[in-house]
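For reference, the chains in residue letters:
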Amino acid sequence: MGSEHRPLTEPSEIKPEILFVRFSSFGDIILASGVVALLKNIYPNSNITWVMGKEFVPVFEGRTLADRIVGIDRAGFKGYISMLNLANQFRNKIFDIVVDIQDNRRSAFLLKMLKYKVRTKSMPSLEERRDDHAYFHFSRILKSIGINKIPDKPHLLLNDQDKKILEENLHSLGYKGEPLVVFATSASQPLKRWSVEHFKTLAKIITSKNNVAIALVGAKGEERFGFEGERIYNLIGKLPYFSSILLIKKAILLVTNDSSPLHMAFSVDTPAVVLYGPTRPNWSLPQGPYFAIQSPMDCSPCMKKRCSKGISCLDEIQPQNVYNVILKNKERIGFEFSV
């Protein structure tokens, strides 16, 4: 094992082998792609190996500036076995730099088995650290190895096939070229989901007052969070991941729960209104035309995955209040929504 925290040489003097660690989730991997882009900018001749959860590899292979992606199991005993196997795979390799922005017990377990010259220091936990966006936290991690820069934004690689698939799906639904407001109606946890009925009501408010259409985006398995209606294009479960990003790029606005579509919007500079119940905006909301609406419940944000009161605090946010936020910020959004 090498020493953990000695300063780096000047970037121009080395062509480092870099190990980058971020296991999950979809949204966090999108954000992490910006850190990889920053590393590539500083070390243009580097070879970056990214370790992530194996379920994400088919989606992100060749879609970031990492030169190689290695997938591992993450859950339970299999996760530790998977890390042992990976360490065995790297047994003859010495990494020049290890950047660990997963920064938890599992990543520490993996790194104890690897050889490296320099690695990032561990930072305070979510509960202990400053209450700011992920990129500020990542910049503190990078600073521990002498990189005094903050990532700009996510950096994902889109292609013509992504665009073709999107256009074919929109055409099949009768899309007439109207300006689009995209709704992302699902989230990984039930408490983070605004009700579909509220999304339906918001869609009626928006389409009744504006010459726009609504497009629904989501992954396969999330079809139950979709709905139909006039000038509503339901694309939930129909688009590959990166075609979904292009749909959000095409939109004038995204309305979303606190979930990965927010980070998709950040990656393509699309404004977003984001609904927060148990979670707090500071960690996920980027700077720019991104607007948080927090549940009015006194207990929000609690940062819990289950509610002991058995309520869904997000549903206390009323659709008209969401539209009022859109109206208030229409200049920054860049579209003249009507009262």
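Structure shown above.
So, a few notes on the structure that sits alongside this text. These numbers were taken from a predicted model, which means no experiment stands behind them.

Description of the packing of helix H1 (residues 26-42) against helix H9 (residues 260-268)
A pair of packed helices can be characterised by two numbers: the angle between their axes and the separation between those axes.
Part 1 of the argument: As a packed pair, H1 and H9 sit with axes 8 Å apart at the nearest point and diverge in direction by 20 degrees. On the basis of the axis angle, H1 is roughly parallel to H9. For H1 against H9, the interelement crossing comes out left-handed. Between H1 and H9, the residues in contact are Phe26, Gly27, Ile30 and Leu31 and Ser260, His263, Met264 and Phe266, respectively.
Part 2 of the argument: Across the contact of H1 with H9, the residue classes tally to five nonpolar, three polar and no charged.

Notes on the nonpolar core
Part 1 of the argument: With 62 residues, the main nonpolar core has Phe20, Leu39, Trp50, Phe60, Val99 and Leu247 as its most contacted residues.
Part 2 of the argument: Element by element, the count of residues in this core is highest for H1, at nine residues.
Part 3 of the argument: Sequence-distant contacts of Trp50, defined by excluding residues within four places in its chain, comprise Phe20, Arg22, Ile29, Ala32, Ser33, Val36, Thr64, Ala66, Arg68, Ile69 and Val70.
Part 4 of the argument: Membership of the second largest hydrophobic core comes to 31 residues, among which are Ala203, Val212, Val255 and Ile333.

Here's the deal with the sheet that holds strand E8 (residues 232-234)
Part 1 of the argument: Pairing within the open sheet is parallel, and its six strands lie in the order E8-E7-E6-E9-E10-E11. Looking along the sheet, the strands with just one partner apiece sit at the ends: E8 and strand E11 (290-294). Mean inter-strand twist for the sheet, computed between neighbouring axes without regard to direction, equals 20 degrees.
Part 2 of the argument: Pairing between strand E6 (residues 180-184) and strand E9 (residues 253-257): four bridges, direction parallel. If you follow Val182 over to E9, its bridge partner there is Leu254.
Part 3 of the argument: Here helix H8 (residues 241-250) sits on the sheet and contacts E6, strand E7 (213-217) and E9; the angle it forms with E6, its principal contact strand, is near 135 degrees.
Part 4 of the argument: The strands touched by H9 are E6, E9, strand E10 (272-276) and E11; relative to E9, the strand with the most contacts, the crossing angle is about 155 degrees.

Brief notes about the pattern of salt bridges
Part 1 of the argument: Counted according to the given criterion, the structure contains eleven salt bridges.
Part 2 of the argument: The salt bridge partner of Asp28 is Arg22, with a shortest N-O separation of 3.0 Å. Pair check on accessibility: Asp28 and Arg22 agree, each one buried.

Notes on unusual backbone geometry
Part 1 of the argument: Going from Ser24 to Ser25, the amide bond is cis rather than trans, its omega being -10 degrees.
Part 2 of the argument: Structurally, the position occupied by Ser25 is in the loop between strand E1 (17-21) and H1.
Part 3 of the argument: The omega torsion across Ser300 and Pro301 is 0 degrees, close enough to zero to call that bond cis.
Part 4 of the argument: Secondary-structure assignment places Pro301 in the loop between E11 and helix H11 (319-328).
Part 5 of the argument: A positive phi angle, near 55 degrees, is found at Asp103, a position not held by glycine.
Part 6 of the argument: With respect to the element layout, Asp103 can be found in the loop between strand E4 (94-100) and helix H4 (105-111).
Part 7 of the argument: Classification of Asp103 by relative accessible area gives buried; the value is 16%.
Part 8 of the argument: The backbone of Arg231 shows a phi angle near 55 degrees, a positive value even though the residue is not glycine.
Part 9 of the argument: Position of Arg231 relative to the elements: it lies in the loop between E7 and E8.
Part 10 of the argument: A residue is classified by how much of its surface remains accessible, and Arg231, at 26% relative accessible area, is partly exposed.

Reading the values: rules and limits
Residues numbered from 1 in each chain as written. Predicted model: local features only at pLDDT ≥ 70, side-chain atom pairs only at ≥ 80, totals over all residues. Heavy atoms only, no water. Axes fitted to C-alpha atoms, helices over the stretch in contact; angles between N-to-C directions. Helix = DSSP H or I, 4+ residues; strand = E, 2+ residues; numbered from the N terminus. Parallel < 35°, antiparallel > 145°, perpendicular 65-115°, else oblique. Left-handed = near helix turned anticlockwise from the far one by under 90°. Contact = heavy atoms within 4.5 Å. Nonpolar A, V, L, I, M, F, W, Y, C, P; charged D, E, K, R; others polar. Core = buried A, V, L, I, M, F, W, Y, C linked by side-chain atoms within 4.5 Å. Buried < 20%, exposed > 50% of the residue type's maximum accessible area, 1.4 Å probe, protein only. Pairing = 2+ DSSP bridges. Salt bridge = Lys/Arg side-chain N within 4 Å of Asp/Glu carboxyl O.

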